[in-house]
Amino acid sequence: SHFGITMKTRVTEDMLSKDIAVSKKILVKEIRKLTDENKTYFRQQNELFFVRCKGFSENEPVYLEEFYLPLWLKHEIYNDDTDFCQLSLYELIQNKAIKKISKMIQSIEVIEINQDIARELKMQTGCHALCVHSILIASDGTTIAYIKLIGSGKKYKIHTEFEKIR
């Protein structure tokens, strides 16, 4: 049997409550040049596949989620039918990619949101928001993905659950 860990990030009202109903919508899906922010994580890449989704509950924006993937990974896990809003990126990588996730580094910080994010989350520019950064790393040290989740902080909690699987 195979032992591993599954990871789910979701939105809840408190630590032990059930998920709230969240619908997600893709806002942006494109190839982007490396920026100073993600150069640290993707050393051998010039361009990345970028996806930005917005999560809604009761028609109110709850969070923005951004994925940055190296182009080699995009070709392994993505086709035109792949809906990043409905599928778990973690599971897509574990099921389809040649390199598997062996480590995740996560950091959480309070950020001051810019005009672009404020508009999407219906907040004021300069407001503070919770930002969860996750870097998924392969056993050879290669960064597989960088994920950035920014919560509106209005009503719900960002909840990440790890579960041992066989």
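As shown above, the structure is provided for reference.
Residue numbering note: each chain is counted from 1, following its sequence as written. For this predicted model, a pLDDT threshold of at least 70 governs which residues receive local features, and a threshold of 80 or more governs which side-chain atom pairs are given and counted, while totals over whole chains, interfaces and linings are taken from all residues. Working from all heavy atoms in the structure, the side-chain values ignore hydrogens and water.

**With respect to the overall build of the protein**
- Each helix is a run of DSSP H or I of at least 4 residues and each strand a run of E of at least 2, with the numbering of both proceeding from the N terminus. Counting secondary structure elements, the protein contains four helices and eight strands.
- Secondary structure elements in the protein, listed N-terminal to C-terminal, are β-β-α-β-β-α-α-β-α-β-β-β.
- Taking all 166 residues of the protein together, 43% fall into the buried category.
- By sequence separation, contacts in the protein at least 24 residues apart represent 60% of the contacts at least 6 residues apart.
- In this description, accessible areas are obtained by the Shrake-Rupley approach with a 1.4 Å probe, and a residue is regarded as covered only by the protein chains that are shown. Carbon together with sulfur atoms contributes 48% to the accessible area of the protein, which is approximately 9800 Å² in total. Between buried and exposed lies partly exposed: a residue is buried under 20% and exposed over 50% of the maximum accessible area for its type, with that area taken using a 1.4 Å probe on protein chains only. Should any heavy atoms of two residues lie within 4.5 Å, those residues are considered in contact.

**Overview of the packing of aromatic side chains**
- Two aromatic rings from Phe, Tyr or Trp, using only the six-membered ring of Trp, form a pair when their centres are within 6.5 Å; if the ring planes differ by under 30 degrees the pair is stacked, by over 60 it is edge-to-face, and anything between is tilted. Tallied over the entire structure, the rule returns three aromatic pairs.
- Through a chain of ring-to-ring contacts, the aromatic side chains of Tyr41, Phe50, Tyr68 and Tyr146 assemble into a single cluster.
- Directly above the aromatic system of phenylalanine 50 lies the positively charged group of arginine 32, at a separation of 3.6 Å from the ring centroid.
- Ring-over charges, as used throughout, are those where CZ of Arg or NZ of Lys falls within 6 Å of the ring centre and within 35 degrees of the ring normal. One cation-aromatic arrangement involves lysine 99 over tryptophan 72; the distance from NZ or CZ to the ring centre is 5.3 Å.

**Quick notes on the environment of isoleucine 105**
- Looking at the element boundaries, isoleucine 105 is found in strand E5 (residues 101–112).
- For isoleucine 105 and histidine 133, which are 28 residues apart along the polypeptide, the C-alpha to C-alpha distance reads 8.1 Å.
- Not counting chain neighbours up to four residues away, the residues in contact with isoleucine 105 comprise His133, Ser134, Ile135 and Ile137.

**Regarding the sheet that holds strand E3 (residues 47–57)**
- In this analysis, strands are considered paired if DSSP registers two or more bridges between them. Overall, antiparallel pairing links the six strands, which are arranged E2-E3-E4-E7-E6-E5 in an open sheet. Strands with a single pairing partner mark the edges of an open sheet, and in this sheet they are strand E2 (23–33) and E5. With direction set aside, neighbouring strand axes in the sheet form an average angle of 15°.
- In the sheet, E5 pairs with strand E6 (residues 128–138) via eleven bridges, with the strands oriented antiparallel. Within E6, the residue paired with isoleucine 108 across the bridge is valine 132.
- For every element, the axis is a line fit to its C-alpha atoms; helices are fit only across the contacting stretch, and the angle between N-to-C directions ranges from 0 to 180 degrees. Against the sheet, helix H3 (residues 89–96) engages strand E4 (60–70), E5, E6 and strand E7 (143–151), with an angle of about 165° to E7.

**Points about H3**
- What H3 keeps buried is the set Leu89, Tyr90, Leu92 and Ile93. Taken end-on, H3 shows its buried residues confined to a sector of 165°, consistent with a single buried face. The directions from the helix axis to the C-beta atoms form the arc being described.

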